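One-letter residues, chain by chain:
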Amino acid sequence: MKRIALFPGSFDPITIGHESIIRRALPLFDEIIIAIGINSTKNYYLSLEKRKSLIQQVFAKESHIKVLSYKGLTVDFCKKVKANYILRGLRTSADFEFERGIAQMNKAMVHDIETIFILSNPEHSAINSTIVRDILRNGGDVSAFIPKEIQLK
Ligand code: ADP
């Protein structure tokens, strides 16, 4: 069976923290699907099209990475695209507590989908999309926090 992992998130915008988790996970899976979740109650900073095109630019050379978007439950989307793993990154103990709840609920809903966690590199543990957005809104330079293939102002 092909090992397909879904990496769900908002990616508003993608950061070097996300990129690192994805690149480190690549040797473990046959395919990684980066899945941009669409939550109608959330206000995003970047449009869905923009977030998708930024991610595509970052992984343009990776034939084993796909970028898709989805609405609804992550486990339902996993079934749709035949992903048997959910990939998540862990930065802090707060991430762990949050992710533990989601992963255990997902497991209770669909037993054969495993959530796999990769610990962030220490230099990425403070990076999050919320702070990157705040810097952007205030005209700061975010180039140190986003993948080198993209630019954002
Ligand atoms: P969400 O909207 O679900 O919080 P994000 O786009 O912020 O989605 O993150 C998606 C995944 O990437 C989550 O597993 C999150 O923990 C992980 N992640 C985010 N930032 C980093 C980082 N700096 N280092 C490692 N993992 C990260």
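Summary of the structure given here. (Residues numbered from 1 in each chain as written. Predicted model: local features only at pLDDT ≥ 70, side-chain atom pairs only at ≥ 80, totals over all residues. Heavy atoms only, no water.)

Topic: the side chain of asparagine 106
Next, step 1: Mapped onto the elements of the fold, asparagine 106 is located in helix α4 (residues 93-109).
Next, step 2: Given a relative accessible area of 13%, asparagine 106 falls into the buried group.
Next, step 3: Excluding anything up to four places from it in sequence, asparagine 106 contacts Val75 and Ile86. (Helix = DSSP H or I, 4+ residues; strand = E, 2+ residues; numbered from the N terminus. Buried < 20%, exposed > 50% of the residue type's maximum accessible area, 1.4 Å probe, protein only. Contact = heavy atoms within 4.5 Å.)

A few points about the sheet that holds strand β1 (residues 4-9)
Next, step 1: A sheet is described by the order of its strands in space; here 5 strands give the open sequence β3-β2-β1-β4-β5, paired in parallel fashion. In the strand order of this sheet, the two ends are held by β3 (65-70) and β5 (114-119), each with one partner. Averaged over all pairs of adjacent strands, the angle between strand axes in this sheet comes to 30°, irrespective of strand direction.
Next, step 2: In this sheet, β3 lies alongside strand β2 (residues 31-37) in parallel orientation, the contact comprising 6 bridges. Looking across to β3, one finds that isoleucine 36 is bridged to serine 69. (Pairing = 2+ DSSP bridges. Axes fitted to C-alpha atoms, helices over the stretch in contact; angles between N-to-C directions.)

Thoughts on the site of the ligand
Next, step 1: Residues in contact with the ligand amount to 17 residues; listed here are only the nearest, Ser10, Phe11, Gly89, His124 and Ile127.
Next, step 2: Interatomic distance of 3.1 Å between a backbone N/O atom of phenylalanine 11 and an oxygen atom of the ligand.
Next, step 3: Of all the cavities here, the one that holds the ligand is the largest pocket.
Next, step 4: Split by residue class, the shell around the ligand holds 5 nonpolar, 7 polar and 5 charged. (Near = heavy atom within 4 Å. Polar contact = N/O pair within 3.5 Å; in protein donor to acceptor, adjacent residues only side chain to side chain. 1 Å grid on protein atoms, 1.4 Å probe; cavity = no way out; pocket = protein on both sides within 12 Å on 5 of 7 lines; lining within 4 Å. Sits in = over half its atoms within 2 Å of the grid points. Nonpolar A, V, L, I, M, F, W, Y, C, P; charged D, E, K, R; others polar.)

Points about the pattern of salt bridges
Next, step 1: By the definition in use, this model includes 13 salt bridges.
Next, step 2: The salt bridge partner of arginine 3 is aspartate 30, with a shortest N-O separation of 3.3 Å. Taken together, the positions of arginine 3 in the segment before β1 and aspartate 30 in the loop between α1 (16-25) and β2 put the pair 27 residues apart, joining distant regions of the chain.
Next, step 3: On the basis of relative accessibility, which here comes to 36%, the residue arginine 3 falls in the partly exposed class.
Next, step 4: Glutamate 114 is the salt-bridge partner of lysine 107, the closest N and O atoms lying 2.7 Å from each other.
Next, step 5: The class of glutamate 114 is partly exposed, set by a relative accessible area of 37%. (Salt bridge = Lys/Arg side-chain N within 4 Å of Asp/Glu carboxyl O.)

Re unusual backbone geometry
Next, step 1: Omega for the bond connecting aspartate 12 with proline 13 falls within 30 degrees of zero, at 0°, which places this linkage in the cis form.
Next, step 2: Within the secondary structure layout, proline 13 lies in the loop between β1 and α1.
Next, step 3: With phi around 50°, phenylalanine 11 is a residue other than glycine that occupies positive phi space.
Next, step 4: Position of phenylalanine 11 relative to the elements: it lies in the loop between β1 and α1.

Side note on the nonpolar core
Next, step 1: If you look at the biggest cluster of nonpolar residues, it comprises 27 residues, and the most contacted ones within it are Ile14, Ile32, Ile34, Ile55, Phe59 and Leu87.
Next, step 2: Counting only elements with at least two residues in this core, the list comes to β1, α1, β2, α2 (48-58), β3 and α5 (129-137).
Next, step 3: Beyond its immediate stretch of four places on either side in the chain, isoleucine 14 contacts Leu54, Ile55, Val58, Phe59, Ile146, Pro147 and Ile150. (Core = buried A, V, L, I, M, F, W, Y, C linked by side-chain atoms within 4.5 Å.)

Brief notes about α5
Next, step 1: Listed in full, the buried residues belonging to α5 are Ser129, Val132, Arg133 and Leu136. The buried residues of α5 all sit within an arc of 100° when viewed along its axis, so they share a single face.
Next, step 2: The inward-facing, buried residues of α5 abut α1.
Next, step 3: Between the side-chain oxygen at the start of α5 and the backbone nitrogen of threonine 130 there is a gap of 3.0 Å, and the oxygen is on asparagine 128.
Next, step 4: Immediately beyond the C-terminal end of α5, within one or two residues, lies glycine 139, with a positive phi of roughly 75°. (Arc of directions from axis to C-beta.)

By themselves these figures say nothing about function.
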